[in-house]
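Commentary on secondary and tertiary structure
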Amino acid sequence: MPGFDSRGAVLLTGATGFVGMELLARFLERGSRRVYALVRASDDEEAAARLRPGMASVFGDPDAHPGRVLAVAGDIERPGLGLDRQHVDRIADEVTTVVHCAASVSFGLTLEEARSVNVDGTRRMVELAERCAVRGDGLERFSYVSTAYVAGTHRGTFREDQLDVGQGFRNPYERTKFEAERLVRSRDGLPAQILRPSIVVGERDSGWTSSFNVLYAPLRAFSRGAFPAVPARRRSPVDIVPVDYVADAGYELIEHGPDETFHLVAGRDATNVARLMELACGHFDRPPPRVFPPGLYRRVVHPLLLRRLSGVPREALRRSEVYFPYFSMRVRYDDSRARERLEPAGVRMTPVEDYFDRLLDFAHAARWGRRRLGRIEARRLAAA
């Protein structure tokens, strides 16, 4: 196709999400491949409209890179992805790389609800990828964005070549991402690559994010005085990665890496609970919370705090309960394979201590997500 990369088009899911939009930006900024963005919508016009705010946020222009992105209405929870035959045939004829980034990251879903999105949705994407493999120029790659938390409750080092190590899981999100990854690995002949990010936060240079969940929720609760005590192990690793590293690494590996599994994590640069508390206390100018063993906290301290607190602090504490198990983890993610591939390409990790204050400066400026600030504006603010 004139003006486009001869390698064929890319099909991307999750392009309206935080990591997915950043991956889309890399494909548009650094390459010339056409990108089909599968967006949950009733028709293609609505799909394109849903993509525009993200494009405006990232590029400052909702119509940036005209002709490069084609929004396609679809739904990973519907049979056949909700696509008609015309769309399926066009995608199968033109697409040579499928990047499946869409998922539910909510910890509050039931197991059945999480499976509908994360497992059944992945199965439908694999089936479409297999159709691409027998049409057009074939399939170069199916890249699945998983999570390092498929390690679940595993203790010790968790390597990139490991998956089922007899671990348990803290919530349906972890379990269903594990099941989806196992499904991808089970398909014979599928050129599958698996990317496992850990806790994804904003950009290093600007702090920009469009997603104020996971780490941001307990930090915001702490800023409101909701954590006079926490269930934790001070030495427990906390593995945090900035979205620019995840997107840069993802793009590099999708375009140039092998069909293997890669940890997109802090790895040896991971911080720990004690250091993270120290950083938060310094930023918010608050005294450190008391640290209790998780079992004692659940049985005694937490019920007492819920009775003592009221209003916003009590609600913030209640909402943060789902994150408590992550304050006492005993797993470290080995990312030797990823670093070996990425560092020669200039894609490198830095510890969260180097950019922690910028993350929270942006969170304050964006009022923890209540004020919409795009990537371009965030970079201008940081530069100023």
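Refer to the structure presented above.
Let us look at the structure shown here. Within every chain, residues take consecutive numbers counted from 1 along the sequence as written. pLDDT decides what is reported in this predicted model: residues at 70 or higher carry local features, side-chain atom pairs at 80 or more are listed and counted, and totals for whole chains, interfaces and linings draw on all residues regardless. The side-chain numbers reported here are obtained from all heavy atoms of the structure, hydrogens and water having been left aside.

Another aspect to go through is the sheet that holds strand β4 (residues 95-100). What holds strands together in a sheet is hydrogen bonding between their backbones, with the strands either parallel or antiparallel. Strands are treated as partners if at least two bridges between them are detected by DSSP. Secondary structure elements follow DSSP: runs of H or I no shorter than four residues count as helices, runs of E no shorter than two count as strands, and numbering proceeds from the N terminus. Sheet architecture is open: seven strands sit in the order β3-β2-β1-β4-β5-β7-β12, paired in parallel fashion. Each of the sheet's edge strands pairs with one partner strand only, and the pair in question is β3 (69-73) and β12 (261-264). Averaged over all neighbouring strand pairs, the angle between strand axes comes to 20°, with direction disregarded. As defined by bridge partners, strand β2 (residues 35-39) adjoins β3 across five bridges and the pair is classed as parallel. Bridge pairing in β3 links Ala-37 to Ala-71. Each axis is a line fitted through C-alpha atoms, and for a helix only the stretch in contact is used; angles between axes span 0 to 180 degrees, taken between their N-to-C directions.

This paragraph deals with the packing of helix α4 (residues 111-118) against helix α5 (residues 120-133). Where α4 meets α5, the closest approach of the two axes is 3 Å, and the angle between their N-to-C directions is 15°. Between α4 and α5, the crossing angle belongs to the class labelled roughly parallel. Contact residues: Arg-115, Ser-116, Val-117 and Asn-118 in α4; Asp-120, Gly-121, Thr-122 and Arg-124 in α5. Taken together, the residues that form the contact of α4 with α5 break down as one nonpolar, four polar and three charged. Each angle gets one of four labels, with under 35 degrees taken as roughly parallel, over 145 as roughly antiparallel, 65 to 115 as roughly perpendicular, and the rest as oblique. The contact rule is simple, with two residues in contact once any of their heavy atoms fall within 4.5 Å. Three classes are used, and their members are as follows: Ala, Val, Leu, Ile, Met, Phe, Trp, Tyr, Cys and Pro are nonpolar, Asp, Glu, Lys and Arg are charged, and the others, Gly among them, are polar.

Centre distance within 6.5 Å is the pairing criterion for rings of Phe, Tyr and Trp, where only the six-membered ring of Trp is used; planes under 30 degrees apart are then read as stacked, over 60 as edge-to-face, and the remainder as tilted. With the rule as written, the count across this model stands at 14 aromatic pairs. Measuring from centroid to centroid gives 5.7 Å for Tyr-149 and Tyr-333, while their planes differ by 75°, and the two rings are edge-to-face. Here Tyr-149, found in the loop between β5 (141-145) and β6 (156-158), pairs with Tyr-333, found in strand β15 (residues 331-333); they are 184 residues apart in sequence, far enough to count as distant. Taken as a pair, Tyr-149 and Tyr-333 share a single burial class, namely buried. Seen from their ring centres, Phe-212 and Tyr-216 are 5.3 Å apart, and the 70° between their planes marks the pair as edge-to-face. Classification of residues uses two cut-offs on accessible area relative to the type maximum, computed with a 1.4 Å probe and protein chains only: under 20% is buried, over 50% is exposed, and between them is partly exposed. Residue classification places Phe-212 among the partly exposed residues on the basis of a relative accessible area of 21%. In textbook terms, an aromatic cluster arises when at least three aromatic residues are bridged by ring pairs, as seen for Phe-107, Tyr-149, Tyr-173, Tyr-323, Tyr-326 and Tyr-333. Counting as a charge over the ring demands two things of the Lys NZ or Arg CZ atom: a distance within 6 Å of the ring centre and an angle within 35 degrees of the ring normal. A cation sits over an aromatic face here: Arg-375 above Phe-59, 5.8 Å from the ring centre.

Another point: the pairing of strand β1 (residues 9-13). For β1, the buried fraction is high: five of the five residues fall into the buried class. Across the two faces of β1 the burial is the same, with Ala-9, Leu-11 and Thr-13 and Val-10 and Leu-12 all buried. Judged from the five bridges that link them, β1 and β4 form a sheet pairing that is parallel. Bridge pairing in β4 places Thr-13 opposite His-100. With four bridges connecting them, β1 and β2 associate as parallel partners. Along β2, the bridge assignment pairs Thr-13 with Leu-38. Clockwise travel from the first strand over the helix to the second, with the strands pointing away from the viewer, marks a crossover as right-handed. Crossover connection from β1 via helix α1 (residues 18-30) to parallel β2: handedness right-handed.

So, on to the nonpolar core. Inside soluble globular proteins, nonpolar side chains tend to come together where they are buried. Counting 54 residues, the largest nonpolar core has Val-201, Phe-227, Ile-240, Tyr-297, Leu-317, Tyr-333 and Phe-356 as its most contacted members. Residues belong to one nonpolar core when they are buried, are Ala, Val, Leu, Ile, Met, Phe, Trp, Tyr or Cys, and are joined through side-chain atoms within 4.5 Å. Judged by nonpolar contacts, the second largest core, of 50 residues, contains Ala-15, Ala-71, Phe-262 and Ala-266.

Let us now look at the pairing of β4. Among the six residues of β4, six are classified as buried, and the element is accordingly described as predominantly covered. As defined by bridge partners, β4 adjoins β5 across four bridges and the pair is classed as parallel. The residue of β5 that forms the bridge with Val-98 is Phe-142.

Attention now moves to a nonpolar patch on the surface. Patch definition: residues above 30% relative accessible area lacking any salt bridge, with like charges linked at up to 9 Å and the nonpolar side chains Val, Leu, Ile, Met, Phe, Trp and Tyr linked at up to 5 Å. Surface exposure here means Shrake-Rupley accessible area, sampled with a 1.4 Å probe, where a residue is shielded only by the protein chains that are shown. When a carboxyl oxygen of Asp or Glu is within 4 Å of a side-chain nitrogen of Lys or Arg, the pair counts as a salt bridge. The grouping of Leu-296, Val-300 and Leu-304 at the surface amounts to a nonpolar patch, some 210 Å² of accessible area in total. Examined against the element boundaries, Leu-304 turns out to sit in helix α10 (residues 294-308).

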